[in-house]
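Breakdown of the fold
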Amino acid sequence: MENIVALCKRRGFLFQSSEIYGGLNGFWDYGPLGVLLKRNVKDAWWNDMVMSHNELIVPSGAPGTYEMTGLDCTIIMHPQIWKCSGHYDLFHDFMVDCRETKKRYRYDHILGRFVLAPSLATHIFVTTLETENTQTALEDAALKFFGLRKKDLDKLQWEGEIMSLPDAMRSAGGAANVLGPDAKTPGTLTEPREFNLMFKTTIGALGTEEDTAFLRPETAQGIFANFKNVCDSTRLRIPFGIAQVGKSFRNEITPRNFTFRSREFEQMEIEFFCHPSQSAQWYAYWRDRRFAWYIEMGLAGERLQLREHGATELSHYSCGTADIEYQFPFLPPGEFGELEGIAHRGDFDLRSHMEGKLVKEGCELVLEKLPNGQPKHRGSGKDLTYYDDLTKERFTPHVIEPSAGADRATLAFLCEAYQVDTAPDEKGQPQERVYLKFHPRLAPIKAAVFPLVKKDGMPEIATEIYGELKKHFSVFYDDKSAVGRRYRRQDEIGTPFCITVDGQTVQDGTVTIRDRDTLKQERIKRDELVKELQSRNF
Ligand code: ATP
């Protein structure tokens with residue numbers, strides 16, 4: 001992973017945000033090549049899901065034809081949207097603060113074990129954040145606390161098993177005997193407090209509580225809020241999907257693993273509206289369609305997996321959820337990270353925005369009420385049902401939601417593309433070669449154009465070819481240093497094709513085209529370059 005991170009910085013894919021001021025944790029900037037790569041990921045998604053979708057034919061695996069359209073909603077929306085969606089009440093983690101070290105921890109991430117402290121005639125709950133070698137970490141913490149050495153390990157009297165802090169707090173009735181993960185004295189952790197992951201902001205100049213708004217933590221809600229507008233302003237008939245690409249913000253407590261968990265990121269989401277009787281079939285279709293898309297785009301190995309959630313893992317409203325996961329190199333062996341979730345959301349979202357915030361009561365979703373019987377969070381009261389004028393049926397559509405992260409997908413494509421092999425250098429000597437094996441559609445630069453040498457009419461022809469290709473593709477012109485070095489520079493950023501103008505070009509108008517992966521060179525007529533590159537799967 002360090003090699004990939006170093007390459008990203010060296011060649012301008014990704015930079016730490018605000019780096020000259022020491023950086024800002026959880027925020028990343030895309031550099032000159034990164035912006036092209038991420039745009040290609042988003043364009044490929046938009047093109048394949050929306051633009052090139054043909055609503056007149058039944059796609060393979062689908063229960064019927066369907067239509068697709070798009071939206072671009074605001075980042076800040078009416079605060080009631082987040083109250084009804086559940087994000088205001090539920091989108092949080094519990095945190096504890098340490099009064100001594102001023103550190104903040106996810107409550108459920110702290111692990112510990114009770115140990116008898118003879119000098120204090122009481123039990124201390126010694127803690128750590130270490131998940132792999134937890135017992136060793138706890139032994140070190142306990143020895144340090146009691147001022148003992150490693151050889152005194154058998155003097156420690158452990159009680160009970162390793163447990164999480166929430167379990168220990170319940171059994172010990174408070175935080176008094178807890179030794180925080182980085183603290184020197186027990187009892188410095190606060191009671192757990194809720195920490196909402198939504199970023200707050202203020203609308204207007206007064207800054208009162210009523211002016212508080214939120215940066216959206218997902219793009220989906222803008223789609224639900226516009227469902228009626230889309231139905232009223234288009235001739236779309238159910239089933240149809242609405243797609244949106246845009247920024248989302250989550251005040252993640254522990255942003256980590258490069259761009260995998262950031263505080264500002266981009267999502268690519270589809271809300272697919274269908275008749276309840278067909279929703280199980282549409283769920284299966286979207287799950288498989290989205291999985292196939294990552295394979296088509298180059299995540300073809302065993303690092304990619306589709307994982308269906310078990311019943312206990314499902315959200316309270318979901319009748320089926322699957323995650324598309326990738327084995328990122330920064331994760332422990334055997335662990336996968338989520339690229340995209342595909343969820344069957346039933347009628348939860350549209351009902352929430354009609355009626356108000358819903359909660360599960362038995363098997364039913366009902367309006368959550370205050371003790372005085374009023375709705376906890378009132379819905380819009382607008383009718384978001386759908387009337388099918390052919391069947392004369394009115395119903396609340398079910399929703400299938402494929403929700404993908406553009407940054408996580410970009411990172412997975414980068415990790416998968418990173419390759420090291422051996423290739424001969426310009427003197428024919430085998431040398432280690434680092435290259436990015438991007439799918440040509442995702443490669444930031446599609447082709448590089450080189451004159452073999454800077455004389456004999458070659459630069460003039462190469463400049464002309466560059467100008468012609470630039471009208472169609474993202475191309476790069478390079479006439480600096482030996483041609484072998486120029487090839488290597490392009491390999492390292494994943495350029496699939498290099499076109500070289502040499503002595504023969506001047507004679508017969510042909511150029512060489514070199515393939516990044518096979519290193520094979522072919523001669524083709526310069527007039528056929530545009531057609532040739534187009535045929536190579538851009
Ligand atoms: P996680 O469990 O990893 O926090 P999640 O289940 O909360 O993710 P969703 O709410 O389903 O994620 O969001 C849909 C997609 O948005 C995710 O699959 C992921 O690709 C992306 N995403 C979510 N949170 C982040 C983040 N903090 N940084 C980058 N991408 C994210």
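Before any of the text, the structure's been laid out above.
The following paragraphs examine the structure supplied in this document.

The rules we used
- Residues numbered from 1 in each chain as written.
- Predicted model: local features only at pLDDT ≥ 70, side-chain atom pairs only at ≥ 80, totals over all residues.
- Heavy atoms only, no water.
- Pairing = 2+ DSSP bridges.
- Helix = DSSP H or I, 4+ residues; strand = E, 2+ residues; numbered from the N terminus.
- Axes fitted to C-alpha atoms, helices over the stretch in contact; angles between N-to-C directions.
- Contact = heavy atoms within 4.5 Å.
- Core = buried A, V, L, I, M, F, W, Y, C linked by side-chain atoms within 4.5 Å.
- Buried < 20%, exposed > 50% of the residue type's maximum accessible area, 1.4 Å probe, protein only.
- Near = heavy atom within 4 Å.
- Polar contact = N/O pair within 3.5 Å; in protein donor to acceptor, adjacent residues only side chain to side chain.
- Areas by Shrake-Rupley, 256 points an atom, 1.4 Å probe, with all protein chains shown as cover.

**Digging into the sheet that holds strand β27 (residues 497-501)**
Working definition: the strands of a sheet are paired by backbone hydrogen bonds and lie parallel or antiparallel to each other. Taken together, five strands build an open sheet; the order of strands is β26-β25-β27-β28-β29 and the sheet is mixed. Both edges of this open sheet fall to β26 (475-477) and β29 (521-525), since each of them pairs with a single strand only. Pairs of neighbouring strands in the sheet enclose a mean axial angle of 25°, with direction left out of account. Of the strand pairs in this sheet, β27 and strand β28 (residues 510-515) are connected by four bridges, and their pairing is antiparallel. Across the sheet, residue threonine 500 finds its bridge partner in β28, namely threonine 512. The strands touched by helix α13 (residues 483-493) are β25 (447-451), β26, β27, β28 and β29; relative to β25, the strand with the most contacts, the crossing angle is about 170°.

**What about the nonpolar core?**
Membership of the largest hydrophobic core comes to 56 residues, with the highest contact counts inside it found for Phe13, Trp282, Trp286, Tyr294, Phe328, Leu339 and Phe413. Contributions of two or more residues to this core are made by α1 (2-10), α2 (32-51), β14 (264-274), α9 (279-296), β16 (320-326), β17 (337-346), β22 (398-405) and α11 (406-417). If you tally residues by element for this core, the top one is α11, at eight residues. With residues up to four places along the chain from it excluded, the contact list for tryptophan 282 reads Ala62, Pro63, Gly64, Thr65, Tyr66, Pro239, Phe272, Cys274 and Ile400. Ranked by size, the runner-up nonpolar core spans 21 residues in total, among them Tyr107, Ile124, Val126 and Ala142.

**A short note on the site of the ligand**
In the vicinity of the ligand there are 15 residues, among which Arg250, Glu252, Arg261, Ser262 and Glu338 approach most closely. Arginine 261 is positioned with one of its side-chain polar atoms (N or O) 2.8 Å from an oxygen atom of the ligand. A distance of 2.9 Å is found between an oxygen atom of the ligand and a backbone nitrogen or oxygen belonging to leucine 339. In isolation the ligand offers 590 Å² of accessible surface; the protein chains occlude 78% of this area. Contributing elements (two or more residues each) for the shell around the ligand: β14, β17 and β22.

**Regarding the side chain of threonine 505**
Within the fold, threonine 505 resides in helix α14 (residues 503-508). The class for threonine 505 is buried, based on a relative accessible area of 3%. Apart from residues lying up to four places away in sequence, threonine 505 is in contact with Ile461, Thr500, Thr510, Val511 and Arg523.

**A closer look at the environment of serine 262**
Here serine 262 lies in the loop between β13 (240-249) and β14. With 145 residues separating them in the primary sequence, serine 262 and aspartate 407 have C-alpha atoms 8.9 Å apart. Discounting chain neighbours no more than four positions away, the residues touching serine 262 are Gly26, Trp28, Arg250 and Glu252. Within the structure, the side chain of serine 262 is placed 2.8 Å from the backbone oxygen of threonine 259, a separation counted as a polar contact.

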